[in-house]
Amino acid sequence: MMKKIFSITAIVLFFSIQTAFAEPLGLPPVPIPADNPQSKAKIALGEKLFNDPRFSSTGDVSCATCHDAAKGFADGPLKTSEGIKGLTGTRNAPTVLNAAYMKSQFWDGREPDLEGQSKGPFINPVEMGLENHEPILTLVRADRTYWKMFRKVFGLKKKEALTMDHVAKAIASFERTIISGDSPFDHYYFTNDKAAMTPAAVRGFNVFLEQGRCVSCHTVSQTHALFTDSRFHNLNVNFNSISGGVKALARRQQQDKADGVDLDVSILTDKAVAELGRFVVTGQWRDIGAFKTPTLRNVDLTAPYMHDGSIKTLEDVVDFYNNGGVVKAGDPVNSFQSGGIRPLGLSDTQKADLVAFLKMLTSPLN
Amino acid sequence: MSIINRRTLLKTGGTFVAGACLPLTNIRLAFADQSQDFTFAYISDSHIQHIKGTKFVRNWDQGLKRAVAEANLMSPKPDFVMYGGDLAQLGTREELDHGFEIMSALKHKTHYVMGEHDYYADLGEYWSSQVGKQYYSFDHKGVHIIVLNSILTDDHWTHERWANGTERMGVMAGLDDPRGSPFMVGAAQRKWLANDLKDISKDTPIIVFSHSPLQKLFKNWNFWTDDAELVQAILQPFDSVTVFYGHVHQIQYNQIGNITFHSVMATAWPWPYPESYAQAENHMPHLTVPINRADPFFERDATGWQYVDINSGKATVKFSLTENEPRTVSYDAKRGHPVDTKYVSRSKPPQNHY
Amino acid sequence: MRNIIQTLFLVAALSLGNTLTAQADEFTKEDLDIWQKEFMAVVAVGRTAFTDPNLGTNGVVCAQCHPNGANTHPETYPKFQKQIGRVITLPEMINWCIRNPLEGKPMALDDPKMVAMQAYITHERRNVKLAPGKH
Ligand SMILES: [Fe+2]
Ligand SMILES: [Fe+2]
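Residues numbered from 1 in each chain as written. Chains lettered and ligands numbered in written order. Predicted model: local features only at pLDDT ≥ 70, side-chain atom pairs only at ≥ 80, totals over all residues. Heavy atoms only, no water.

Residue and element names in this part refer to chain B. Pairing is mixed across the open sheet formed by six strands, whose spatial order is β6-β7-β8-β9-β11-β10. Taken across any chain shown, the strands that pair with only one partner, and hence form the sheet edges, are β6 (136-140) and β10 (253-256). Averaged over all pairs of adjacent strands, the angle between their axes in this sheet comes to 20°, without regard to strand direction. Relative to strand β9 (residues 241-245), strand β8 (residues 206-210) is paired through five bridges, and the arrangement is parallel. (Pairing = 2+ DSSP bridges. Helix = DSSP H or I, 4+ residues; strand = E, 2+ residues; numbered from the N terminus. Axes fitted to C-alpha atoms, helices over the stretch in contact; angles between N-to-C directions.)

With that settled, consider the pattern of salt bridges. Residues and elements named next belong to chain A. Inspection of the entire model under this criterion finds 29 salt bridges over all chains. A salt bridge links D353 to R203, with the shortest nitrogen-to-oxygen separation between them at 2.9 Å. Linking D353 in helix α15 (residues 348-358) with R203 in helix α9 (residues 199-209), this pair joins segments that are 150 residues apart in sequence. Three or more residues joined by partner-sharing salt bridges are found here, namely R91, D108, R110 and D264. (Salt bridge = Lys/Arg side-chain N within 4 Å of Asp/Glu carboxyl O.)

A few words on the coordination of the iron ion (ligand 1). Residues and elements named next belong to chain B. The protein atoms that coordinate the iron ion (ligand 1) are D45 (OD), H47 (NE2), D86 (OD) and H249 (NE2), at distances of 2.0 to 2.3 Å. Geometry at the iron ion (ligand 1) is irregular, judged from the four donor atoms that bind it and their angles of 87 to 174° at the metal. A separation of 3.4 Å is found between the iron ion (ligand 1) and the iron ion (ligand 2), which are bridged by D86. Taken together, the residues H47 in the loop between β1 (38-43) and β2 (50-52) and H249 in the loop between β9 and β10 connect sequence positions 202 residues apart. The two residues H47 and H249 agree in class, both being buried. (Donors = N, O, S within 2.8 Å, 3.2 Å for Na, K, Ca; no water. Tetrahedral: all angles 85-135°; square planar, octahedral: opposite > 155°, others 65-115°. Buried < 20%, exposed > 50% of the residue type's maximum accessible area, 1.4 Å probe, protein only.)

A separate point is the nonpolar core. With 86 residues, the main nonpolar core has F40, F209 and L235 of chain B as its most contacted residues. What F209 of chain B contacts, discounting residues up to four positions off in sequence, is F40, Y42, M82, V113, I145, I146, V147, L148 and F244 of chain B. (Core = buried A, V, L, I, M, F, W, Y, C linked by side-chain atoms within 4.5 Å. Contact = heavy atoms within 4.5 Å.)

Take the side chain of N222 of chain B next. All names here are of chain B. As for its placement among the helices and strands, N222 is situated in the loop between β8 and α9 (228-235). Look at N222 and you get buried, because its relative accessible area is 9%. Residues in contact with N222, not counting those within four places in the same chain, are M172, S181, P182, F183, P213 and H247.

As a further point, take unusual backbone geometry. Here the bond from G76 of chain A into P77 of chain A is cis, since omega is 5°, no more than 30 degrees from zero. Along the chain, the position of P77 of chain A falls in the loop between α3 (63-66) and α4 (114-119). Phi is positive for K141 of chain B, which is not a glycine, with a value near 45°. Turning to its location among the elements, K141 of chain B is positioned in the loop between β6 and β7 (143-147). Its identity is not glycine, yet H247 of chain B carries a phi of approximately 70°, on the positive side. Residue classification places H247 of chain B among the buried residues on the basis of a relative accessible area of 1%.

Those protein atoms acting as donors to the iron ion (ligand 2) are D86 of chain B (OD), E116 of chain B (OE), E116 of chain B (OE), H211 of chain B (NE2) and H247 of chain B (ND1), and they sit at 2.1 to 2.6 Å. Sequence spacing of the donor residues for the iron ion (ligand 2), all on one chain, is D-x29-E-x94-H-x35-H.

To continue, consider the confidence of the model for chain B. Do not read the predicted coordinates in detail wherever pLDDT is low. All names here are of chain B. Per-chain confidence: chain B averages 89 in pLDDT, with 88% of residues scoring 70 or above. Counting interchain partners and residues more than four positions distant, the pLDDT-below-50 stretch residues 1-31 has 74 contacts. Scored as a whole, the predicted complex attains pTM 0.90, and scored at its interfaces, ipTM 0.88. (pLDDT = per-residue confidence, 0-100.)

So, on to a positive patch on the surface. All names here are of chain A. A cluster of basic residues, R144, K148, R151 and K159, forms a positive patch at the surface. Relative to the assigned elements, K148 resides in helix α6 (residues 144-154). Looking at K148, the relative accessible area reads 57%, which means it is exposed. (Patch = residues over 30% accessible without salt bridge, like charges linked within 9 Å, V, L, I, M, F, W, Y side chains within 5 Å. Areas by Shrake-Rupley, 256 points an atom, 1.4 Å probe, with all protein chains shown as cover. Lys, Arg positive; Asp, Glu negative; His and termini not counted. Charge placed at Lys NZ, Arg CZ, Asp CG, Glu CD.)

Take a look at the structure:
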């Protein structure tokens, strides 16, 4: 008997080490890049960097400023994020929650991974405002605690060997631990606990799957649910603000890109360019005005919504889709709007049920 | 010196070379007579479908609107736009008017080909009143361009079988309707064609636009023209002939003697490839590397439009596909037939989906 | 050992009997013809539904995208459909199509019309090997 308990304990212990970052209910294993394996020390270093405001030109903006744990790792109620000196960009801060599962990063997917993404905001004039990454390296090399941590995590010998890639890898490692599942929905769907969701939410889930057509892009699977297809879609959120001059705008943007203008900068400082969406990355017509499908997990915590934060509440988002991608029924849609967005004909009850369902996607605090 | 060898000396004009959007669409051959080169856009098979009142099927509307909006972004502008037929679904005045209205947003000169869905309600009467001739020819930058109405069929079927035009249209609109009838160009147009080409020198590049394939690929779905051999025989004496056709809603290309065949995509919906119907024989060109089976979950999957560069009379077809990777099919002088520039072999298809 | 020999003997006797007399309990040709006719009548109902502009609400018919029921791949069901998020059967996919491209109301899974549509689709795909789950 004793022996059996001992071996079970050993197995449990073994598992907790192997999967120190075991996924909550409803999520698949977090993809970890081969060249950036997780370690406890690296995650701790990443967390410290993530929360450190000294890596901004004014010394008061950190990653956590716009990705605040208390606000679902976003920055509601701001429409678009506020960086140094109260400057605002053009995009609503996407949550870091479950960003680890995304096949690309940023609303337009311009970085393939969290490592690449994490370097951008430091040197964006409306985010953390540094000229380049040098001040960060100077700081972490000089700071005794940082240097000790970097040395240990990456096995560095000389301070000059510490590069921005190490900083990015540590931050990305930390971000890969910011995952959330285990919501009432997960209990309802994956453990068959029928009491986990309210009757309204259960009806709302059915709207989500059927008449609402939500699941087409906010995908759910047999064993897990990420609520995103990691693809790009033109919903007609604010595209009409540029539809008069798309040709000249697209041409100018592609020319700027060919001339070496930094994409990060032009996207966050030029409202019109920002509306081109995924197109600025690929230069393909099919990506005009298209933005990445965000996850819906914890969506109740991350208002306002859409790439520009232009829709305030979940009720308004549901109305927007119900009207076929316009705020007011009958307003014009642009010619590049993605197939599949169309008036849904949901009743008021169905809309309320759908919102009730979306609120079941909030994970418990830990 | 073959075109392939000369290709190593390709130059692209201007500094604007980034990405697939708004490129200088025309790649020019260094030694060729550039005054003979041009680009045109090709939009086809929109199947505008009337529900009632002012309501039309939104999905098909959006397909055409998108193609028009994208064609308007072309830089430099195309010399003209060809519309490949089947603008309407049931050939009604409402559908044709709605289709023409969407097309009117195009900033380029537009020519039209007759499709069976435009024709069989009233035998092309309303379409002709809006567009003009059903078959015609013109010259453009050294190329002789011919437009045929290839979706005619025998008089008995057309005039004797049906209670009215609506019934006739309904039958012809069903691609797989066994009561349908094979398409043909017909004796009158073949005579006109022979006469039209009488004084054209044999080294003048010829481009023919038709709605049906002008070759016999799959009778079940009218991927077929009954007098294809007779039409081909009229075209065969010319050094370089390229036929463009709609109707099939999928990428096909072929080479028969001197004639190169290219199909174009539909803006409405994709048809399956004939191989996917297990109960009937097909004669699909072995050259064609098919595109993937459409994913129904993406409404615009396997639809799109295309633009075509004509260099020294030979075509490079660039497919702009809303939900798929772009494809390019280009005449390969070494092989003497068109090839997909990326997917040369059927054994290596672009996608392996079922 | 004795048992085995007895069994073998029995089997031999049975097969001998079969070659000498009419096959026991075999269907008659008349039966088979009737049943085939019954089946084909339902296939015809399925074909009608497949080309019926009133199956949905916008006049779009199944055959517009699926001539001869092609590209429906009944032999691959049940299969995982990523945007439904489950392993589903063919009638569920038919309902998806009715609800989406046809903008119509889904049918009960045992609705005779639903059965007929499956009969038509599978008949047009006859003699193709089963490939459950395939994409
Ligand atoms: Fe067509
Ligand atoms: Fe056609």
